[in-house]
Amino acid sequence: MIQSIKKDFNMMAMLLIPIGVAINIVGFQLTNALRLPIFLDTIGTILIGVIAGPWVALIAGLVTNLINGIFDPTFIPYALTSIAIGVGVGYLSKIGMFKTIPKTILSGIIITLIATIVSAPITVLAFGGVTGNSSSLITAAFLATGQTLWTAVFSSSIITEVADKIISVLIVYFIVKKMSNRYLSKMNYGHLYL
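Per chain, the residues get numbers from 1 upward, laid out in the order the sequence is written. With pLDDT at 70 or above as the cut-off, local features in this predicted model cover only qualifying residues; side-chain atom pairs require 80 or more to be listed or tallied, and sums for whole chains, interfaces and linings still use all residues. As a rule here, side-chain values come from all non-hydrogen atoms in the structure, and water together with hydrogens is ignored.

Enquirer: So what's going on with helix H2 (residues 11-34)? Residues and values would help.
Expert: Residues spaced three or four apart along an α-helix face the same direction, because each turn holds 3.6 residues. Note on conventions: DSSP H or I runs of at least 4 residues are helices, E runs of at least 2 residues are strands, and numbering of each starts at the N terminus. How far a helix is expected to stretch is found by multiplying one less than its residue total by 1.5 Å. For H2, with 24 residues, the first-to-last C-alpha span of 36 Å sits near the 34 Å given by 1.5 Å per residue. The angle separating two fitted axes, one through the seven residues that finish at a residue and one through the seven that start at it, defines the bend at that residue. Ile17 marks the point of greatest bend in H2, at about 25°, and the proline Pro18 comes within the next four residues. The classification of residues rests on relative accessible area computed with a 1.4 Å probe and restricted to protein chains. Under 20% of the type maximum is buried, over 50% is exposed, and intermediate values are partly exposed. Among the residues of H2, Ala13, Leu16, Ile17, Gly20, Val21, Asn24, Ile25, Gly27, Phe28 and Thr31 are the ones counted as buried. Should any heavy atoms of two residues lie within 4.5 Å, those residues are considered in contact. Those residues of H2 hidden inside the fold are in contact with helix H1 (2-8), helix H3 (43-52), helix H4 (54-71) and helix H9 (181-184).

Enquirer: Before we move on, could you go through the pattern of salt bridges and cite the residues and values that matter?
Expert: Between Lys or Arg on one side and Asp or Glu on the other, a salt bridge is scored when a side-chain nitrogen of the former is within 4 Å of a carboxyl oxygen of the latter. Tallied over the full model, the rule gives two salt bridges. The salt bridge partner of Glu161 is Lys165, with a shortest N-O separation of 2.7 Å. Taken together, the residues Glu161 and Lys165, both in helix H8 (residues 149-178) and four residues apart, mark about one turn of the helix. Exposure class is identical for Glu161 and Lys165. Each is buried. Residues Asp164 and Lys165 are paired through a salt bridge, measuring 2.5 Å at the closest nitrogen-oxygen approach.

Enquirer: Just give me the short version of empty space enclosed by the protein, but keep the residues and values in it.
Expert: A cavity here means a set of 1 Å grid points, computed over protein atoms only, where a 1.4 Å probe fits but cannot escape. A pocket is an open set with protein on both sides within 12 Å along at least 5 of 7 lines, and lining residues have an atom within 4 Å of a point. Grid points are joined across faces, edges and corners, and a volume is the space filled by probe spheres set on the points. Counted by the stated rule, this structure contains one cavity of 30 Å³ or more. For the largest cavity, the calculated volume is near 320 Å³. Taken together, 24 residues make up the lining of the largest cavity; nearest its centre are Phe39, Tyr78, Ser119, Asn133 and Glu161. Considering every element that reaches the lining of the largest cavity, the biggest residue donor is H8, with six residues. Charged means Asp, Glu, Lys or Arg here, nonpolar means Ala, Val, Leu, Ile, Met, Phe, Trp, Tyr, Cys or Pro, and polar covers whatever is left, Gly included. By residue class, the composition of the lining of the largest cavity is five nonpolar, 16 polar and three charged.

Encoded structure:
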C-alpha cells in the first residue's frame, strides 16, 4: 500500500491538486450562489481520482472541504465524505469504470452510495438533520410526510447525491475525453483513457 501511495504522488499529480481544488471550490460557489439542491463540489476530486489515483484525490477532497469550511463551517465534517469519494473514484478508475458513458453513470451511482453512507450520519449526528443548504428542504418535506429523521436524511441524500454525482462524473468523463494523449500518458491512470 505504501508503494501505491508513493507511486500516485508523482510531480504531475501533485501539480494537479490545486487545479482540482479550484474546480471544486468554483462548483461549490456556483451552486451555492444559485441555491441549487446539488453541490458540484467534487468535480475536481473525481477528475483527479480518474487520472491520478485514489490517494491524490483523497488529498484534493480533504483540502477542498477545509477551504470551503472557512466560508461555511458545516463543510468541515464532510471532509470524510470527500475523502471517501476520492478513494472510491480512484479505485473505480483503476478498473476502467470511466471508459464509457454507461460505466461512468454506474460509477456515479456507486459514488452516490459511498457519499450517502458517509454523509447522512454526519448530517444527522452533527447537525440534527439540517445543514441549511437546499437539501435540507427535501429533508423537511420527507419529515412532513411522517418519515423518521434518519430515513428522511438518507432519502434526501440519495436524491441530491445521485443528481450531483451523475452530473459530476459525466462532466469529468467529457473533460478526460478532451484531454490530450500526451498529457494523459503522464498521469498514473491516464493510460487507461488513451
